[in-house]
Amino acid sequence: MFLHSVNLWNLAFYVFMVFLATLGLWDVFFGFEENKCSMSYMFEYPEYQKIELPKKLAKRYPAYELYLYGEGSYAEEHKILPLTGIPVLFLPGNAGSYKQVRSIGSIALRKAEDIDFKYHFDFFSVNFNEELVALYGGSLQKQTKFVHECIKTILKLYKGQEFAPKSVAIIGHSMGGLVARALLTLKNFKHDLINLLITQATPHVAPVMPLDRFITDFYTTVNNYWILNARHINLTTLSVAGGFRDYQVRSGLTFLPKLSHHTSALSVVSSAVPKTWVSTDHLSIVWCKQLQLTTVRAFFDLIDADTKQITQNSKKKLSVLSHHFIRHPSKHFEENPAIISDLTGTSMWVPVKVSKWTYVAYNESEKIYFTFPLENHRKIYTHVYCQSTMLDTNSWIFACINSTSMCQQGVDLSWKAELLPTIKFLTLRLQDYPSLSHLVVYVPSVHGSKFVVDCEFFKKETRFIQLPVTHLFSFGLSSRKVMLNTNGLYYNIELLNFGQIYQAFKINVVSKCSAVKEEITSIYKLHIPWSYEDSLTIAQAPSSTEISLKLHIAQPENDSHVALLKMYTSSDCRYEVTIKTSFSQILGQVVRFHGGALPAYVISNMLLTYRGQLYSLFSTGCCLEYATMLDKEAKPYKVDPFVIIIKFLLGYKWFKELWDVLLLPELDAIILTSQSMCFPLISLILFLFGTCTAYWSGLLSSASVRLLSSLWLALKRPSELPKDIKMISPDLPFLTIVLIIVSWTTCGALAILLSYVYYVFKVVHLQASLTTFKNSQPVNPKHSRRSEKKSNHHKDSSVHHLRLSANDAEDSLRMHSTVINLLTWIVFLSMPSLVYWLKNLRYYFKLNPDPCKPLAFILIPTMAVLGNTYTVSIKSSKLLKTASQFPLPLAVGVIAFGSAHLYRVPCFAFIPLLLHALCNFM
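Residues numbered from 1 in each chain as written. Predicted model: local features only at pLDDT ≥ 70, side-chain atom pairs only at ≥ 80, totals over all residues. Heavy atoms only, no water.

Where an unreviewed UniProt entry is consulted, the protein chain appears under the name GPI inositol-deacylase, with the organism given as Macaca mulatta. Per UniProt, the protein chain has the following entry under Function (unreviewed entry): "GPI inositol-deacylase that catalyzes the remove of the acyl chain linked to the 2-OH position of inositol ring from the GPI-anchored protein (GPI-AP) in the endoplasmic reticulum. Initiates the post-attachment remodeling phase of GPI-AP biogenesis and participates in endoplasmic reticulum (ER)-to-Golgi transport of GPI-anchored protein." Its UniProt record, at the heading Sequence similarities (unreviewed entry), says of the protein chain: "Belongs to the GPI inositol-deacylase family." (UniProt positions renumbered as here; feature names shortened; annotations may be inferred.)

So this is what it looks like as structure tokens:
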């Protein structure tokens, strides 16, 4: 019946939209590199020693605990407090376990053993009872206060020690990182209690799903505090994102804003972290061995030798983090590295005058300095590039100043080099170093190992190549290509016109090599200059390699940099680079950045459908099918233009002042624009996806009602249509009061769910009664029409005792179908707080604060009345015309104010339901 009300063209459209949504979802959940993280293992059995908290504190926070991590002999020794190390506190995130500290704790313990415990770290972890704080924000403030108490407790464990710490370092995973930032907002919190903050996959900018106002209020408080006090916050902060593998928290949300020149904040994607170079999912970021090794190395480099604690020098902290997480020169960190190095000894000096040079070192018995005179090369070339496959941490490239052939002292250029997985390299622009006379490459004596050193001089125009990206709407049918035929080691391809998050491309690099015996490795690096979200692809030549090109952060308006494809190649190969638009990845970007707004657009479509049904009932006395009315009424031009006009008018000062006087919240479209998240036509695309979702959810609910009614008829004797319509049955007031009490004493979402079950039961009962009535009627249609006329005549002649005909019952079921769809989404958006309440039921019987309680108080009696409402009882209502007009502005409002604040969506959805219920009484 539901499908019969939709024509084939509309059905084809809905199937096509499902296909597009599937492409986008596939790209988000499967369209990324395989997990290249190595698992971190414990060398000994992990132990978690529970730290005893003060009784008052334990009573105030019965669900929370503090643990100290340890293994083997370390765990045994530290069961007897106090402690002597450097404290680090790990904060788990949404549904996270305190045991997730074991990966970094174990690696740090092994590192301490390697240096005979000259320094060591004590890793603490907070047990938040695996609370679902991403779904319910009411406990975030409580977690923050508990962490404050934990920090004070931890520092007391070191009391009386010679090098007792005065602060702790914090590692926060997911929402744990936000809780750590929130510590600074507490009234009695001293900022110097935290010396370093590292967050892993923490959504700093905004919540992933703003499902209640407590989450958004918490975010507003934290971010506003950090913005307003940017110049006074001296906390060094590093935010690490997981990249495209992390589909739970997209990396764009993890980037800390650069608030002022005084801020000490770094944000980086794990795929860009030196010696890590992999994308991590939301959970593997805490156990990824490559990333944890990098983090532990940074921790040990941050130690002050005098205090045996983490340094208080902000400049050094930022330098260490930049060294390990941003740009690694393949040298151990030095706070003040020696720029001038001695180049003396019994080494051999070999002059090299060619522009392209390769040296294979194998079992070298003595040190060699290869010198490249720069004077003649400057006349022909603009750049010099050198690379080495020996990845040790010794200095390897120098420069002589005003020298003839050799120099006793040289400028150490190794600090300007950069590390990649298989090489370390240096690129210099010659005009930037006019005083340098020679470039010196150092080859140490090696025994049993083999490595290759290459250098070449080149002109910029031969290696810096521009490649404009294809148009967004080319759908991959056209491509652009560039050939690299200069036998170079390094190419810099500028990807012109690429800088928006809705752009997505596939780059195909084909390498063709001359006959070579050894394996050739090429590295392709996507470099995004306005954010640290680079990614590496390693390919064995000859080969055909596909690279995905899309962004986590859009290019800022005042940024003129160009995204680059840096290619570290072989001189024995030729390369062909092709770029074309990837339509599936564009859809993936739509889902990734705007998928969370879909419920608002679904509700908007349903409200327009609801409006059409109510108006049809008012004007014609009958109610059309849900699917038919959805096709007729759910049009984007009824919603989008109003939002666009409001956004335009808010650009005028007088309208903005009027808006503020009316105490209206900020338009969600303006918030998205400030986050560079506005796609062209994105609202139209989301509206069409919302129409499709509304259709299929309507089909599902209609089929579910019919299935349940069939089960009802199979289990119970056939029901009859009610003879007299009673808007308020005897048990209705009692049921309403009971559910309101349930809402007040336990959880509002639970009461909403129970009311929804009652409403569905009433609709299923009506469907079963109508099925029984139809099955009992004679086949003769004339007789059926005659009986309907008699029924209608009796109905019209009896105002006080309305009788329900089969036509009225069908009309009522059509209306109930739309109401069920609306209620289903309201219940769906209310469920997170119910899940949280059920999980913590052993600690708290009453959810406090409860985001759904105000909604429950209004929705419970509304659903109770609607469960006994029939179209025949509201046709003559004076309020029906008004009720049919309200859903249109509400459909606009839910897009304007609910797309980035999902907790507002139920408020827009229940208003027409309330008016519908009131039509029974007016």
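Still more to cover.
**Student:** What is the right way to look at the state of the cysteines in this model?
**Tutor:** The term disulfide refers to a covalent linkage connecting the sulfur atoms of a pair of cysteines. Applying the stated criterion across every chain, the model contains four disulfides. At a sulfur-sulfur separation of 2.0 Å, the disulfide partner of Cys386 is Cys455. Its S-S torsion of about 115° marks the bond between Cys386 and Cys455 as right-handed, since a negative value means left-handed. Of this pair, Cys386 sits in strand S15 (residues 383-388) while Cys455 sits in strand S21 (residues 450-458), placing them 69 residues apart in sequence. The residues Cys386 and Cys455 share a single accessibility class, namely buried. One disulfide bridge connects Cys400 with Cys407, the sulfur atoms lying 1.9 Å from each other. For the disulfide bridge between Cys400 and Cys407, the dihedral angle about the S-S bond is near -60°, and by the sign convention the bridge is left-handed. A single burial state applies to Cys400 and to Cys407, both of which are buried. Numbered by position along the chain, the disulfide-linked cysteines of the protein chain connect as 1-2, 3-6, 4-5, 7-8. Cys852 supplies the cysteine sulfur nearest to Cys747, a cysteine that is in no disulfide, at a spacing of 6.5 Å. In this structure Cys747 comes out as buried when scored by relative accessible area, which is 0%. (Disulfide = S-S within 2.5 Å. Helix = DSSP H or I, 4+ residues; strand = E, 2+ residues; numbered from the N terminus. Buried < 20%, exposed > 50% of the residue type's maximum accessible area, 1.4 Å probe, protein only.)

**Student:** Can you walk me through the sheet that holds strand S4 (residues 121-127) in this structure?
**Tutor:** Sheet strands pair via backbone hydrogen bonds, and the direction of the pair is either parallel or antiparallel. With respect to topology, eight strands assemble into an open sheet ordered S1-S2-S4-S3-S5-S6-S7-S8, the strand pairing being mixed. Strands with a single pairing partner mark the edges of an open sheet, and in this sheet they are strand S1 (46-50) and strand S8 (265-269). For this sheet the average axis-to-axis angle between neighbouring strands, irrespective of direction, equals 25°. Across five bridges, strand S7 (residues 237-241) lies against S8 in parallel orientation. Each bridged residue has a counterpart across the sheet, and for Thr237 the counterpart in S8 is Ala265. (Pairing = 2+ DSSP bridges. Axes fitted to C-alpha atoms, helices over the stretch in contact; angles between N-to-C directions.)

**Student:** Before we go on, may I ask you to explain the environment of Ala265 in this structure?
**Tutor:** As for its placement among the helices and strands, Ala265 is situated in strand S8. Distance in space between the C-alpha atoms of Ala265 and Leu197 is 9.5 Å, their sequence separation being 68 residues. Leaving out residues up to four positions away in the same chain, Ala265 has contacts with Thr237 and Leu256. (Contact = heavy atoms within 4.5 Å.)

**Student:** I keep staring at the environment of Arg904 and nothing clicks. Help me out?
**Tutor:** With respect to the helices and strands, the residue Arg904 is situated in the loop between helix H26 (887-898) and helix H27 (905-918). Put simply, Arg904 and Val894 are ten residues apart on the chain and 7.6 Å apart in space, counted from C-alpha to C-alpha. Arg904 has contacts with Pro665, Glu666, Asp668 and Phe897, leaving out every residue within four places of it along the chain.

**Student:** I'm lost on the packing of helix H13 (residues 598-620) against H27 in this one. Help?
**Tutor:** In the contact formed by H13 and H27, the axes pass within 10 Å of each other and the chain directions differ by 15°. Between H13 and H27, the angle is such that the two are roughly parallel. Crossing of H13 against H27: the hand is left-handed. Taken together, the residues of H27 that come into contact with H13 (itself represented by Pro599, Ala600, Ile603, Leu607, Tyr610 and Leu614) are Val905, Phe908, Ala909, Pro912, Leu913 and His916. Each residue belonging to the contact of H13 with H27 can be placed in one class, and the counts come to eleven nonpolar, one polar and no charged. (Parallel < 35°, antiparallel > 145°, perpendicular 65-115°, else oblique. Left-handed = near helix turned anticlockwise from the far one by under 90°. Nonpolar A, V, L, I, M, F, W, Y, C, P; charged D, E, K, R; others polar.)

**Student:** Before we go on, may I ask you to explain the sheet that holds strand S20 (residues 436-443) in this structure?
**Tutor:** Taken together, the six strands give an open sheet; going across it, the order is S11-S17-S16-S20-S14-S12, and neighbouring strands pair in mixed fashion. The open sheet is flanked by strand S11 (340-342) and strand S12 (348-351), the only strands paired with a single partner. With direction set aside, neighbouring strand axes in the sheet form an average angle of 35°.

**Student:** How do you make sense of the packing of helix H8 (residues 289-301) against helix H9 (residues 314-325) when you look at a structure like this?
**Tutor:** In helix packing, the relevant descriptors are the interaxial angle and the interaxial distance, both defined with respect to the helix axes. Packing of H8 against H9 brings their axes to within 9 Å, and their N-to-C directions diverge by 150°. The angle between H8 and H9 places the two elements in the roughly antiparallel class. Relative to H9, H8 is oriented so that their crossing is right-handed. Where H8 approaches H9, its residues Leu291, Thr294, Thr295, Arg297, Ala298 and Asp301 are matched on the opposing element by Lys316, Val320, Leu321, His324 and Phe325. Taken together, the residues of the contact of H8 with H9 break down into five nonpolar, three polar and three charged.

**Student:** Could you clarify how one ought to interpret the side chain of Gln387 in this entry?
**Tutor:** Of note, Gln387 is situated in strand S15. Classification of Gln387 by relative accessible area gives buried; the value is 9%. Not counting the four nearest positions on each side in its chain, Gln387 is found in contact with Trp396, Ile423, Lys424, Phe425, Val452, Val453 and Asp454.

**Student:** Please explain the UniProt feature "transmembrane region" (unreviewed entry) in the protein chain as it appears in this structure.
**Tutor:** The sites that carry the UniProt feature "transmembrane region" (unreviewed entry) are, in the present numbering, residues 12-32, 667-689, 735-761, 819-838, 854-874 and 886-915. Each end of residues 12-32 is marked by a C-alpha atom, and these two atoms are 30 Å apart; helix forms 90% of the span and strand 0%.

**Student:** Looking at this model, I keep getting lost on the nonpolar core. Mind explaining?
**Tutor:** Soluble globular proteins: nonpolar side chains tend toward being buried together. Membership of the largest hydrophobic core comes to 141 residues, with the highest contact counts inside it found for Leu495, Ile507, Leu565, Met567 and Val577. A per-element tally of this core places helix H22 (residues 806-839) first, with 15 residues. Formed by 47 residues, the second largest nonpolar core is a distinct cluster that contains Leu53, Leu109, Phe218 and Val222. (Core = buried A, V, L, I, M, F, W, Y, C linked by side-chain atoms within 4.5 Å.)

**Student:** What is the right way to read the pairing of S4 from this model?
**Tutor:** The two faces of a sheet get side chains in turn, since along a regular strand they alternate between them. Taken across its seven residues, S4 has seven buried, putting it largely inside the fold. Alternating residues of S4 divide into Phe121, Phe123, Ser125 and Asn127 and Asp122, Phe124 and Val126, and every residue in both groups is buried. Relative to S4, strand S3 (residues 86-91) runs parallel, the two sharing five bridges. In the sheet register, Pro87 faces S4, and the bridge partner there is Asp122. Traced from S3 through helix H4 (residues 102-114) to S4, the parallel crossover comes out right-handed. (Right-handed = clockwise from strand over helix to strand, strands pointing away.)

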